Amino acid sequence: MELQGAGLRRVLVLAFCVAGIWSAYIYQGVLQETLSTKRFGPDGKRFGHLAFLNLAQNVVCLIWSYIMIKIWSRTSGRGGAPWWTYWSAGITNTIGPAMGIEALKYISYPAQVLAKSSKMIPVMLMGTLVYGIRYSFNEYICTFLVAGGVSTFALLKTSSKTISKLAHPNAPLGYGLCFLNLAFDGFTNATQDSLTARYPKTSAWDIMLGMNIWGTIYNMIYMFGLPKGIGYEAVQFCKQHPEAAWDILLFCLCGAVGQNFIFLTISRFGSLANTTITTTRKFVSIVVSSLLSGNPLSTKQWGCVTMVFSGLSYQIYLKWRKLQKLQKKRKPM
């Protein structure tokens, strides 16, 4: 009975994590699309300062992580990576997301989600060219499905209704920004892994705090310190259009809450479970975006979406099978 109770609690916690990640990030995606396409107020102005979202997100996550450390983490600051060691990852983590958000001026939200789902392509490319890593045939199948789906989706004609909502329609520039976003994210993740290897006592909250300290510093300089900084214009727009300010606050809170559920999932169920949840969330985000925006995807576009997520699902299955083999080897004879 005790084992059944423990198993039920584990299932309930997993369901709680899935609901938390899905609801936080799907709603954040809706808000992100709204801020990039909606016209606010009687004057019908667009919020053209999407990079400001990164600064707002940094500030909210910085405050959030500091509070979480004080409440929950007893070991933070004791043997963990010092905050100043995150300076280089802070640069790429500032530039990368800014490019991803900026891409929404040029391509639709579903196109952005698909492009950002192809993270394995630059990873495998860099692994082959730089480190000489050899990948299995199955891994190449996954990459082919993802790359084929994204590239075909990019080549298909976007509806005129969707194009009319974009600030500056330009598919090559939009996809280029997304892939640069992936490249910077790859460096950020590699640096974080390096820091946790050097400082094993580093907690997830320490990483979140360190990254957002530098993100706040860099974005404050970019937004308010440079001669052509857009920070003042963004603040003025929010004063004139409180609805946009409210959407930005909700956007930031969704990101902070979503990170909480991701950390909980990784600590309780491992990174593979987190990858599965976040991957399926991206697919649901595309469905929700298509329904809410009133711009349904064509049959061919849905075929591309299915192709991409088939590749991602197969990749998750391969990781799960590899993990099962490792666990069997570790079991005592």
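Only a predicted model underlies this, so the values are computations on that prediction, with no experimental measurement involved.

Definitions and limits used
Residues numbered from 1 in each chain as written. Predicted model: local features only at pLDDT ≥ 70, side-chain atom pairs only at ≥ 80, totals over all residues. Heavy atoms only, no water. Helix = DSSP H or I, 4+ residues; strand = E, 2+ residues; numbered from the N terminus. Rg over C-alpha atoms; globule rule 2.2 N^0.38 Å. Buried < 20%, exposed > 50% of the residue type's maximum accessible area, 1.4 Å probe, protein only. Contact = heavy atoms within 4.5 Å. Areas by Shrake-Rupley, 256 points an atom, 1.4 Å probe, with all protein chains shown as cover. Lys, Arg positive; Asp, Glu negative; His and termini not counted. Charge placed at Lys NZ, Arg CZ, Asp CG, Glu CD. UniProt positions renumbered as here; feature names shortened; annotations may be inferred. Salt bridge = Lys/Arg side-chain N within 4 Å of Asp/Glu carboxyl O. Patch = residues over 30% accessible without salt bridge, like charges linked within 9 Å, V, L, I, M, F, W, Y side chains within 5 Å. Axes fitted to C-alpha atoms, helices over the stretch in contact; angles between N-to-C directions. Left-handed = near helix turned anticlockwise from the far one by under 90°. Nonpolar A, V, L, I, M, F, W, Y, C, P; charged D, E, K, R; others polar. Core = buried A, V, L, I, M, F, W, Y, C linked by side-chain atoms within 4.5 Å. Phe/Tyr/Trp six-rings, centres within 6.5 Å; stacked < 30°, edge-to-face > 60°.

**Let's talk about the overall build of the chain**
- Within the chain, the secondary structure is distributed over 13 helices and 2 strands.
- Since a compact globule built from 333 residues should have a radius of gyration of about 20 Å, the 21 Å found for the chain is in line with a globular shape.
- Projected onto its principal axes, the C-alpha positions of the chain cover 75 × 50 × 50 Å.
- Looking at the chain as a whole, 44% of its 333 residues are labelled buried.
- Across the chain, the fraction of contacts at a sequence separation of at least 24, relative to all contacts at a separation of at least 6, is 84%.
- Split by element, the accessible area of the chain, about 18300 Å² in all, is 66% carbon and sulfur.
- Mean positive and mean negative side-chain charge positions of the chain (32 and 11 charges, respectively) differ by 9 Å.

**Observations regarding the environment of Phe 16**
- Among the secondary structure elements, Phe 16 is positioned in helix α1 (residues 2-37).
- For Phe 16 and Thr 265, which are 249 residues apart along the polypeptide, the C-alpha to C-alpha distance reads 9.5 Å.
- In this view, Phe 16 contacts Phe 261 and Leu 264; residues no more than four positions away in its chain are not counted.

**Let's talk about the UniProt feature "transmembrane region" (unreviewed entry) in the chain**
- Mapped onto this numbering, the UniProt entry annotates "transmembrane region" (unreviewed entry) at residues 7-27, 47-69, 137-156, 168-184, 204-224 and 244-266.
- With 78% helix and 0% strand, residues 47-69 has end C-alpha atoms that lie 34 Å from one another.
- Summarising residues 244-266: 100% helix, 0% strand, and an end-to-end C-alpha distance of 33 Å.

**Regarding the pattern of salt bridges**
- If you walk through the whole model with that rule in mind, you get 2 salt bridges.
- A salt bridge links Lys 38 to Glu 243; the shortest N-O distance between them is 2.1 Å. A residue pair is termed long-range when its members are at least 10 positions apart, and Lys 38 in the loop between α1 and β1 (39-40) and Glu 243 in helix α11 (residues 242-269) qualify at 205 residues.
- Since its relative accessible area comes to 42%, Glu 243 is described here as partly exposed.
- Residue Lys 105 pairs with Glu 102 through a salt bridge whose shortest N-O separation is 2.8 Å.
- When its relative accessible area of 19% is taken as the criterion, Glu 102 is described as buried.

**Section: a nonpolar patch on the surface**
- A contiguous nonpolar patch, built from Val 59, Ile 63, Tyr 66, Ile 67, Ile 71 and Trp 72 and spanning about 630 Å² of accessible area, is present on the exposed surface.
- Mapped onto the fold, Ile 63 is located in helix α2 (residues 52-71).

**Some details on the environment of Lys 165**
- Along the chain, Lys 165 turns up in helix α7 (residues 160-165).
- Between the C-alpha atom of Lys 165 and that of Ser 108, which follows or precedes it by 57 residues, the distance is 8.7 Å.

**Some details on the packing of helix α4 (residues 109-116) against helix α8 (residues 171-198)**
- In the contact formed by α4 and α8, the axes pass within 9 Å of each other and the chain directions differ by 35 degrees. As for the relative orientation of α4 and α8, their crossing is right-handed in sense. Together, Ala 111, Gln 112, Ala 115 and Lys 116 of α4 and Tyr 175, Cys 178, Phe 179, Asn 181 and Leu 182 of α8 make up the contact between the two elements.
- Here the residues of the contact of α4 with α8 are counted per class, giving 6 nonpolar, 2 polar and 1 charged.

**Some details on the nonpolar core**
- Counting residues in hydrophobic clusters, the biggest one holds 56 residues, and the most contacted among them are Phe 47, Leu 114, Phe 153 and Ile 248.
- Not counting residues up to four positions away in its chain, the partners in contact with Ile 248 are Leu 35, Phe 47, Phe 52, Leu 53, Ala 56 and Cys 238.
- Grouped together as the second largest cluster of nonpolar side chains are 7 residues, Tyr 86, Leu 195, Ile 207 and Trp 214 included.

**Considerations on the packing of aromatic side chains**
- Under the counting rule described, the total for this entry stands at 11 aromatic pairs.
- Plain terms: the ring middles of Phe 16 and Phe 261 are 5.1 Å apart, the flat faces sit at 70 degrees to each other, and that makes the pair edge-to-face. On the criterion of sequence distance, the pair formed by Phe 16 in helix α1 and Phe 261 in helix α11 is long-range, its members being 245 residues apart.
- Centre to centre, the rings of Trp 83 and Trp 214 are 5.5 Å apart; their planes meet at 25 degrees, and the pair counts as stacked. You can see Trp 83 sitting in the loop between α2 and α3 (87-102) and its partner Trp 214 sitting in helix α9 (residues 204-225), a full 131 residues away along the chain.
- Here the aromatic cluster, defined as three or more aromatic residues joined through ring pairs, consists of Phe 40, Phe 47 and Phe 237.

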